[in-house]
Amino acid sequence: MLCRTASDLYWASRHMERAENTARLIDVTRRMALLPERYDRGKAEAAPWRRALDALGIAEPFLERYGIIDADTVLKHLLLASDNPSSVFNCLRAAREAARAQRVAITAEMYEDLNTSWLDMRGTSWARIHGDGISNLLEWIKSRSASFRGVTIGTLGRGEGYHFLQLGAFIERADWAIRLLDIAGSPESHAGHESQDAAEYFRWSALLQSLSAFETYRRLYRESVSAERVAELMLLQETNPRSLLTCTHTLHQVLQTLAGGQAMEVVRRAGALSAQSRYARIDEVLANGLEAWLQDALARLSGLGDEIHRQFMISTDIAQLTQTQSQSAA
Amino acid sequence: MANGFNEMHEPLGGVRPHYQAFDRWLKSTPEAQIERKRREAEIAFHRVGITFSVYGEESGNERLIPFDLVPRIVPAGEWRMLEAGLRQRVHALNLFLDDVYGEQRILREGIVPRALVLENSAYRQEMRGIRVPGGTWSHISGIDLVRAGDGEYYVLEDNLRVPSGVSYMLENRRMMARLIPELFNRQQIAPVERYPDALLEILREAAPAGIDNPVVAVLTPGSANSAYFEHAFLAQQMGVELVEGADLFVRDSSVYARTTRGPQRVHVIYRRINDEYLDPTVFLPDSLLGVPGLFDAYRAGRVTLANAPGTGVADDKSVYPYVPEMIRFYLSEDPILHNVPTYQLRREDDLRYTLEHLAELVVKEVHGAGGYGMLVGPASTKAEIEEFRLRILARPENYIAQPTLSLSTCPTFVESGLAPRHIDLRPYILCGKRIHVIPGGLTRVALREGSLVVNSSQGGGTKDTWVLEGGA
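Residues numbered from 1 in each chain as written. Chains lettered and ligands numbered in written order. Predicted model: local features only at pLDDT ≥ 70, side-chain atom pairs only at ≥ 80, totals over all residues. Heavy atoms only, no water.

Caption draft 1: Representation of the overall build of chain A. From N to C terminus, chain A includes 17 helices and zero strands. The buried share of chain A, taken over its 330 residues, is 55%. Considering only contacts in chain A between residues 6 or more positions apart, those separated by 24 or more positions represent 65%. Of the roughly 14,300 Å² that chain A leaves accessible, carbon and sulfur atoms contribute 51%. (Helix = DSSP H or I, 4+ residues; strand = E, 2+ residues; numbered from the N terminus. Buried < 20%, exposed > 50% of the residue type's maximum accessible area, 1.4 Å probe, protein only. Contact = heavy atoms within 4.5 Å. Areas by Shrake-Rupley, 256 points an atom, 1.4 Å probe, with all protein chains shown as cover.)

Caption draft 2: Expanded view of the nonpolar core. Ranked by size, the top nonpolar core spans 100 residues in total, and within it Leu207(A), Leu255(A) and Ile308(A) carry the most contacts. In terms of residue count, the dominant contributor to this core is helix α9 (residues 160-183) of chain A (13 residues). If near-sequence neighbours (up to four positions away) are discounted, Leu255(A) is found in contact with Leu167(A), Val266(A), Val267(A), Ala270(A), Leu304(A), Ile308(A) and Phe312(A). Within the second largest apolar cluster, 48 residues are counted, among which are Val112(B), Val266(B), Tyr298(B) and Val303(B). (Core = buried A, V, L, I, M, F, W, Y, C linked by side-chain atoms within 4.5 Å.)

Caption draft 3: Representation of the interface of chain A and chain B within the structure. With 28 residues of chain A in contact, the opposing surface of chain B contributes 27 residues. Between chain A and chain B, a total of about 2,400 Å² is buried, with carbon and sulfur atoms accounting for 44% of that surface. Where chain A meets chain B, there are three salt bridges. Among the salt bridges present, the one from Arg261(B) reaches Glu160(A), with a minimum N-O distance of 3.3 Å. (Buried area = accessible area lost by both parts, 1.4 Å probe. Salt bridge = Lys/Arg side-chain N within 4 Å of Asp/Glu carboxyl O.)

Caption draft 4: Looking closely at helix α13 (residues 348-356) of chain B. All names here are of chain B. Every buried residue of α13 is listed here: Asp350, Leu351, Thr354 and Leu355. Along the axis of α13, the buried positions cluster into a sector of 125 degrees, meaning they face one direction only. α13 presents Glu348, Asp349 and Glu356 as exposed residues on the side facing more than 90 degrees away from its buried surface. Contact partners of the buried residues in α13: β14 (343-344), β15 (361-365), α14 (382-394) and β17 (399-403). (Arc of directions from axis to C-beta.)

Caption draft 5: Layout of the sheet that holds β15(B). Residue and element names in this part refer to chain B. The four strands are arranged β14-β17-β15-β16 in an open sheet whose pairing can be described as antiparallel. The open sheet has two edge strands with one neighbour each: β14 and β16 (374-376). Strand direction decides the pairing type here: β14 and β17, joined by two bridges, are antiparallel. Opposite glutamine 344, over in β17, you have isoleucine 400 as the bridge partner. (Pairing = 2+ DSSP bridges.)

Caption draft 6: Seen up close, the packing of helix α8 (residues 195-205) of chain B against helix α9 (residues 228-238) of chain B. Residue and element names in this part refer to chain B. One way to put it is that α8 packs onto α9 with a least axis distance of 9 Å and a crossing angle of 80 degrees. When the axes of α8 and α9 are compared, the pair comes out roughly perpendicular. Together, Tyr195, Pro196, Leu199, Leu200 and Leu203 of α8 and Leu234, Gln237 and Met238 of α9 make up the contact between the two elements. (Axes fitted to C-alpha atoms, helices over the stretch in contact; angles between N-to-C directions. Parallel < 35°, antiparallel > 145°, perpendicular 65-115°, else oblique.)

Here it is in structure tokens:
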């Protein structure tokens, strides 16, 4: 498979996954904004939206650019802004453009599916979104992502192309597992204050619902919703299809298949990351500080992304050339 | 201007025999249902993404080529004649190319003027003396045919560089079979679906000698190109890689693709980029579309380019008038298909006649393509004619002129209902060990009333083309 094809497919599915998770982020944020102010430490309507931007690491530049953080400004930025490369609008466009460039490597149904999503997205506007209701748009985004995933699974041969689509989807999803956990606020021990308990419960169950994981949680734990258990479900549970463990485990398997028995640095990194989530215990993670653990996982994930790029998406003749150049420079 | 030969109706209004099955369907189908089918076609084409972008418009602007529900139908007997004529013509054109880049017998014998060929900007000096595998220069040819007032077919022009449009032939057929399957049961319509298979076959046959299992790739300028859909479509249908220049590199005179598993040899390139962009070290130096060193690999016989560079000299409008002579010279046969009578303005007599009759003639730039550099006398204003006159006088050798043919018409759905619109036909011919003439082609239709320009870039549409099997 061409390096360019591998890269385009990887980014097509990454962008679809990004669009879906952006919808989930907005969903959980809207739920949290429903919580009466007195329950919220931020004491302002904008607090949940501020946290959403924090989870993405863009609160400061956002404030600088728009001068305000409120629901409408954030929604427009995340959904429609043409100058935000990660807005849902741009994600659907990028996924469709990549698929258009790689029509040969995917099935006609897959391209038609992405093309339909893009044509519908292109035809929408803020006024129309407002008129139809944000919830409908979020449902639509999730269903378009599900549709593409389904068409891919159902029509594409299990060759290299399929594997690169998998890589893109799971590396993106792993990233969001960490960021979405961040948004509900860090779990902390509290002294059984009743209103605090209610707020905590509200926040964590909102997160589970946005991730379509509420039922999984109930079946798995059969106990009240707690911060510790939610963190475990999001990070370390193999039964949760969106957990960090599931994502890194899948990445490791796919990369092993792609490596075909060769020793590659990219496989080692994925294996290490997968093992880190598989053998961790949530009580230890919390005791040693969740935030630091999450930051470390994010950094390793980003390193894995770079290594995938280096291994498969840069041609060896160019890699050798750059190597020679850097050697002669040294 | 006469209304032209009507493909469906006889002059007194009766329906021609080969259109009767379609006519019955048309009359027995409620208007609302037909309207639904037309809408369905439009939505389906949009969803599949069969679009083209127009030069001169903002890049990335994609439009649909309008598809018309009324097919162009060619009776079996007529097609037998066309097929023989196309086979003969493409055979002779390939012999001509092999000759002018080789021995140049036809020039020595004075059949075609030496300067017309050797000083033609489409003549590639770099190809002089090169022997191509199987002697095939134009592997894929599209020959544009029109039908004049008396119903006789004429060759309007030959396309031997990178003829496009074949994806519409295939997609239009798929659409018709989906919308009106019952018509395919009522009569025998020759299938066109084998085209990608035949294309792969002739491309593999063109591989350099000694390669058992050649790797074929389609080379595209990229997704911004107006025909990108077709490049992707053909690569997909053939099951080969679609590559851009940057995906290929040349090492030790061999061409490799950059793949996730390292370099992979490529033996045959179906290139959909023009000659001058193929290799910046030989042709246009600042082109980013091609592959540095590609021509060197080609000359070394390590890779085949289809079509070969330099085929443009045979389809140039200044060479076109000599094709009937080529057929006689190389094949000792009489041409089956006729040329449109052509005035060559580099000749003094022809120039004088043309300047006196500009309002009746069609004048074309010899190296022009896409319907941009032409004057359709009867459809032009006085000012336009005078402006064109100055252009002709500045460089007469740059132009040819032809009588304005009243192209045949076919009923077409327009806003006011069904109305006759002018059409042409581009059949596709594939040359490998054998010559394959695909029974069908791309019928283009000028949607504006009275217009004779069918190019998609000028507001043309397309129709499915049915070649009937059996019968007259």
